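Architecture at a glance
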Amino acid sequence: MDFEKIKTIIRKEWAEIFKNKMIISSIIFMPLLMTAIPLVMLATFQNEGISESANSELPAQFAAICGSQLSGGACFQVYMVSSFMIMFMIVPLFIPVNIAAYSIVGEKTSRTLEPLLATPITTAELLIGKNLAAVIPAVLATWLGFGIFAAGAFIISRDPNVIGALINPMWLLAVILIGPLSAILSVNFSMIVSSRVNDPRVAEQISALVILPVVGIFMGQMFGLFLLTQSLILVAAVIIGIIDAFLVYLSIQLFERENILSRWK
Amino acid sequence: MIQTENLTKKFVTKETTTVAVENLNLEVAEGEVFGFLGPNGAGKTTTVRMLTSLIGPTSGKAVVNGFTTGKDDQEIRRCVGILTETPGMYDNLSAEFNLEIYARLYEVKDVKGQVEKYLRMLGLWERRQDEAGTFSKGMKQKLAIARAMLHEPRIMFLDEPTSGLDPEAARLVRDFIAELRTQGRTIFLCTHNLDEADRLCDRVGVFKSRLLVVDTPANLRSQIFGRKVVFHLRSATPEMAAQVQALPFVREARAVESKLVVTLEDPETYNPQIIQLLVNSGAEIQFVGELRHSLEDVYLQFIRKAAA
């Protein structure tokens, strides 16, 4: 494995990405939006004006977690905000889709893939380079967004218990661990799609399906079907890690230089 | 330098099997400029892709610079340069950055130095900071040639290097190929520009899924048409033609207007005898020249024969 070549691919990808306004805006605005929504929720559902019995309307599991530390209003606030904090799990899935879906099929349509494949770069080096080029901005944007949210939460909320319930080990695990793992999943899924279709738009549309499971988690928590906990996050991390390893292997196996060069028109 | 042995490539789909290259047996020597001629869709690009380890053969084998395709693919990619059919540059990156990327991927030691050398050599140094997308087709092609040269390959595969270029740009590219030839590099030139092949190539192969013929352009001409010498006279008569035709080494002699067109094997040896005969018979010779059939005529003969 030649890390210089991987670095070169990353440099090349970034040089291209940072000239593409669509991708730049998705890297900037998506995390900003996903950061703004929970902050707005936090500001909207301040303790005042929420009845103490509000937690009786919450899913039983959640109300039980609130326990005696949080008042009914604060518990409701934490519930509402944390439901939208799941957005931080969408960011690392969504951002790389734009980058990765374009990465193979875009090279093909602009006819840059053949000279690239004619160089002594291995498929693994090429795909790892493209992977990292898409994963790193997504992860950094997610972490930065969460950092802004944390700072905003300290400024907006007056209740230290609420802050403690929002910026807790579970969410740190979700952002620090699940974030990069989700980004890797998203990138490799997009790569696989990207190396099988001929049109960057089709690649993007199919790749965007990877967000659906997280949307499912969001809906599930909103409707009280289940509740994200620290142990659930850890289990999810292990599962996503295994899926990632499988997808990385699969994307390298499915990247058939010959088919890509000779069958794509 | 390049050897193929029954090299075959078939593209199989559910409905059809297309034989792009069939039992190609070829040898290209070190330092040779080899022209690979054929119509569109003949399988030239597929052959180049196999020889540069971009795709694998269905059967047969190819050895490039001592490395076998399918086995030593990375080594082959390291030692060959390829100019693909389309330049394929990253349009929104600068010319210099485009080359830097490839220099690093080709494991070039002095990246900056090599990039500068070829940008200057191809007259692009002043435009190095401009995006490749702003370049004309000819400039992009020059940039693609620079890319193929960065790692100083001993073998170059050039796929239609002057296709779509204006005459000036085409001339520049041809001059550059001639320059490469003087450096002793082996060049495998795919083209359907027969004039270009005639000027640049030591040998040419006519190819349409299979190799129809390989030889020097001069030998191919002579094989098909023989060699023709035109004697421009003040006036040519059928009697003079008959006298020349009677010579044992002459294949054919015809009087056409004031010219006598003679077909023979070895004009360098026999022309003096013909001139002597014509002078003795009272002909006034104004000048003598060789009638050269174009490589296009030769090529079309082989392609038509193959089609028949």
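This one's a predicted model, so the numbers in the text were calculated from it and none came from an experiment. (Residues numbered from 1 in each chain as written. Chains lettered and ligands numbered in written order. Predicted model: local features only at pLDDT ≥ 70, side-chain atom pairs only at ≥ 80, totals over all residues. Heavy atoms only, no water.)

Within chain B one finds 11 helices and 14 strands. Reported as C-alpha extents along the three principal axes, the dimensions of chain B are approximately 75 × 50 × 35 Å. Across chain B, the fraction of contacts at a sequence separation of at least 24, relative to all contacts at a separation of at least 6, is 68%. With an accessible surface of roughly 13800 Å², chain B has 47% of that area assigned to carbon and sulfur atoms. Positive and negative charge centroids in chain B, built from 39 and 41 side chains respectively, lie 3 Å apart. (Helix = DSSP H or I, 4+ residues; strand = E, 2+ residues; numbered from the N terminus. Contact = heavy atoms within 4.5 Å. Areas by Shrake-Rupley, 256 points an atom, 1.4 Å probe, with all protein chains shown as cover. Lys, Arg positive; Asp, Glu negative; His and termini not counted. Charge placed at Lys NZ, Arg CZ, Asp CG, Glu CD.)

Once that is clear, we can look at the domain arrangement of chain B. How big an interface is tends to be expressed through the accessible area that disappears when the partners come together. Here the domain parsing of chain B yields domain 1 (2-215) and domain 2 (226-292). Each of domain 1 of chain B and domain 2 of chain B has a C-alpha centre, and the two are 44 Å apart. (Domains from an automatic or database assignment.)

This part is about the pattern of salt bridges. Enumeration over the complete set of coordinates arrives at 30 salt bridges over all chains. Across the salt bridge formed by A:Lys5 and B:Glu107, the nearest N and O atoms sit 2.4 Å from each other. Remark: B:Glu107 occurs in the loop between helix H3 (95-105) and helix H4 (111-121) and A:Lys5 occurs in helix H1 (residues 3-17); the pair is interchain, linking two chains. Among the salt bridges present, the one from B:Arg254 reaches B:Glu252, with a minimum N-O distance of 3.5 Å. Looking at B:Glu252, the relative accessible area reads 33%, which means it is partly exposed. What you see here is one network of salt bridges that share partners, running through A:Lys12, A:Glu13, A:Glu16, A:Glu107 and A:Lys130. (Salt bridge = Lys/Arg side-chain N within 4 Å of Asp/Glu carboxyl O. Buried < 20%, exposed > 50% of the residue type's maximum accessible area, 1.4 Å probe, protein only.)

What follows covers the interface of chain A and chain B. The interface is formed by 27 residues belonging to chain A together with 29 residues belonging to chain B. Both faces considered, chain A and chain B share a buried interface measuring about 2700 Å² in area, 60% of it formed by carbon and sulfur atoms. Across the chain A-chain B interface, the total number found is five salt bridges. The closest approach of N and O atoms between A:Glu114 and B:Arg49, which form a salt bridge, is 3.0 Å. Joining chain A to chain B, the criterion identifies eight residue pairs in polar contact (both at pLDDT 80 or more). A per-element tally of the side of chain A that touches chain B places H1(A) first, with seven residues. By residue class, the composition of the side of chain A that touches chain B is nine nonpolar, six polar and 12 charged. (Buried area = accessible area lost by both parts, 1.4 Å probe. Polar contact = N/O pair within 3.5 Å; in protein donor to acceptor, adjacent residues only side chain to side chain. Nonpolar A, V, L, I, M, F, W, Y, C, P; charged D, E, K, R; others polar.)

For A:Arg111, which is not glycine, the phi dihedral falls at a positive 60°. If you trace the backbone, A:Arg111 turns up in the loop between helix H5 (87-109) and helix H6 (113-117). The class for A:Arg111 is exposed, based on a relative accessible area of 53%. A positive phi angle, near 50°, is found at B:Glu160, a position not held by glycine. Mapped onto the fold, B:Glu160 is located in the loop between strand E7 (155-159) and helix H6 (167-182). On the basis of relative accessible area, B:Glu160 is assigned to the buried category, the value being 7%.

With that settled, consider the packing of aromatic side chains. Per the stated rule, a full pass over the model turns up 11 aromatic pairs over all chains. With a centroid separation of 5.3 Å and 80° between ring planes, the pair formed by A:Phe88 and A:Phe146 is classed as edge-to-face. Of this pair, A:Phe88 sits in helix H5 while A:Phe146 sits in helix H7 (residues 123-156); the two residues are 58 residues apart in sequence, bridging distant segments of the chain. Ring pairing ties together the aromatic residues B:Phe34, B:Phe36, B:Phe157, B:Phe188 and B:Phe207, which thus form one cluster. Above the plane of the ring of B:Tyr102 lies B:Arg147, whose end atom (NZ or CZ) is 5.1 Å from the centre. (Phe/Tyr/Trp six-rings, centres within 6.5 Å; stacked < 30°, edge-to-face > 60°. Lys NZ or Arg CZ within 6 Å of the ring centre and 35° of its normal.)

Let us look at the side chain of B:Glu196. Residues and elements named next belong to chain B. Tracing the sequence through the fold places Glu196 in helix H7 (residues 194-200). Classification of Glu196 by relative accessible area gives buried; the value is 0%. A polar atom in the side chain of Glu196 sits 3.3 Å from the side chain of Arg174. Beyond its immediate sequence surroundings of up to four residues, Glu196 is in contact with Pro161, Thr162, Arg174, Leu189 and Thr191.

All names here are of chain B. Turning to its location among the elements, Thr52 is positioned in the loop between helix H1 (44-51) and strand E4 (59-64). In this structure the side chain of Thr52 is engaged in a polar contact, spanning 3.4 Å, whose partner is the backbone oxygen of Arg49. If near-sequence neighbours (up to four positions away) are discounted, Thr52 is found in contact with Ile76, Arg77, Val80, Ile82 and Phe157.

We now examine a nonpolar patch on the surface. Residue and element names in this part refer to chain A. A surface patch of nonpolar side chains, amounting to about 500 Å² of accessible area, comprises Leu132, Ile136, Leu140, Trp143, Leu172 and Ile176. Residue contributions to the nonpolar patch peak at four residues, all from H7. Judged by its relative accessible area of 48%, Leu140 falls in the partly exposed class. (Patch = residues over 30% accessible without salt bridge, like charges linked within 9 Å, V, L, I, M, F, W, Y side chains within 5 Å.)

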